[in-house]
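Breakdown of the fold
Spelled out, the chains give:
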Amino acid sequence: MKLYYFPASPNSRKAHAVAIHLDLPLDLRLIDLQKGEQRTPEFMQLNPTGRTPVLQDGEFVLWESTAIMQYLASQGPNSLWPESVQSRADIMRWQSWQQAHWQRACQPLQFERVVKQVLQLGDPDPQVVEQATQQFHQEAAVLNQHLAERTYLVDETLTLADFSVASDLTYAGPGQFPLERYSHIQAWYARIEPLPAWQKTTPRG
Ligand SMILES: N[C@@H](CCC(=O)N[C@@H](CS)C(=O)NCC(=O)O)C(=O)O
């Protein structure tokens, strides 16, 4: 299977980490977003939305990171994506929340404080930062509460849900995400961070 990815991107990281965790060999193809490679005609044929990651398994082409994670984890039985219908629904709940709400709170902080600096796009916009910070607190409070008496998000075991939600904390440090008051999120992320799959997908540079 080929994974077209950009290693610095949290969405690519989710898919790559799942493959590493499950020991699934991937033929990695770098799509350099800084060079605009996601908009070449060849890549747009694979993903008309012009985004990474994309998985190609023979003739089958799949985009959207959550779908890719589920496809990878469906290659054989494993505890990241258990057979139970309720466990899967619960995982999907957190993956849906991550895409619809958590990512929307984290991404502007990442963009304003990290991406803009790397790409020399100017200073963070205080209004965007203020709005994202408010949204961050709203969503982080829910996540923190959920993790208060749990080790992982679903079923007390590491699942796709953890990789999805953790991906948005990739730039929590340089993005100065206001995590101070969320001790349960911090404790949970400290369990994800040492995993070989997370270590091996930590963006370098
Ligand atoms: N919902 C998509 C989002 C993918 C996405 O936004 N990828 C970003 C990198 S994190 C990208 O490729 N952006 C390139 C662009 O928008 O030009 C997914 O989960 O795969």
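All figures in this text were calculated on a predicted structure; none of them were measured in a lab.

Where strand β1 (residues 2-5) lies against strand β2 (residues 27-30), 4 bridges are found, and the strand directions are parallel. Note on β2: the bridge partner recorded for Leu-3 is Leu-28. Note that the unit made of β1, helix α1 (residues 10-21) and β2 has a crossover that is right-handed. Taken together, the 3 bridges between β1 and strand β3 (residues 54-57) define a ladder with antiparallel strand orientation.

What follows concerns the environment of Ile-31. Within the secondary structure layout, Ile-31 lies in the loop between β2 and α2 (41-46). Among the residues examined, Ile-31 registers a relative accessible area of 8% and is labelled buried. Separated by 28 residues in sequence, Ile-31 and Glu-59 place their C-alpha atoms 19 Å apart. Dropping the residues within four chain positions of it, Ile-31 is found in contact with Tyr-4, Tyr-5, Phe-6, Glu-37, Gln-38, Phe-43 and Thr-52.

Right, let's get into the domain arrangement of the protein chain. According to the domain assignment, the protein chain contains domain 1 (2-73) and domain 2 (85-200). One C-alpha centre belongs to domain 1, the other to domain 2, and the line joining them spans 21 Å. Of the residues lining the interface, 16 residues belong to domain 1; the matching set on domain 2 comes to 20 residues. The contact between domain 1 and domain 2 buries some 1,500 Å² in all, and 59% of this surface belongs to carbon and sulfur atoms. For the domain 1 face of the interface with domain 2, the top three residues by lost area are Pro-10, Arg-13 and Lys-14, together amounting to 34%. Summed over the shared surface of domain 1 and domain 2, the number is 0 salt bridges. Viewed at the interface, domain 2 and domain 1 are joined by 6 residue pairs in polar contact (both at pLDDT 80 or more). The element that contributes the greatest number of residues to the side of domain 1 that touches domain 2 is α1, accounting for 8 residues. Taken together, the residues that form the side of domain 1 that touches domain 2 break down as 7 nonpolar, 6 polar and 3 charged.

Further remarks concern the packing of helix α6 (residues 160-167) against helix α7 (residues 183-192). Two elements in contact, α6 and α7, have axes separated by 11 Å at closest approach and are oriented at 110°. Judged by the inter-axis angle, α6 sits roughly perpendicular to α7. Considering how the two elements wind past one another, α6 and α7 form a crossing that is left-handed. Between α6 and α7, the residues in contact are Asp-162, Val-165 and Ala-166 and Trp-188, Tyr-189 and Ile-192, respectively. Residue classes in the contact of α6 with α7 are distributed as 5 nonpolar, no polar and 1 charged.

Thresholds, definitions, all that
- Residues numbered from 1 in each chain as written.
- Predicted model: local features only at pLDDT ≥ 70, side-chain atom pairs only at ≥ 80, totals over all residues.
- Heavy atoms only, no water.
- Pairing = 2+ DSSP bridges.
- Helix = DSSP H or I, 4+ residues; strand = E, 2+ residues; numbered from the N terminus.
- Right-handed = clockwise from strand over helix to strand, strands pointing away.
- Buried < 20%, exposed > 50% of the residue type's maximum accessible area, 1.4 Å probe, protein only.
- Contact = heavy atoms within 4.5 Å.
- Domains from an automatic or database assignment.
- Buried area = accessible area lost by both parts, 1.4 Å probe.
- Salt bridge = Lys/Arg side-chain N within 4 Å of Asp/Glu carboxyl O.
- Polar contact = N/O pair within 3.5 Å; in protein donor to acceptor, adjacent residues only side chain to side chain.
- Nonpolar A, V, L, I, M, F, W, Y, C, P; charged D, E, K, R; others polar.
- Axes fitted to C-alpha atoms, helices over the stretch in contact; angles between N-to-C directions.
- Parallel < 35°, antiparallel > 145°, perpendicular 65-115°, else oblique.
- Left-handed = near helix turned anticlockwise from the far one by under 90°.

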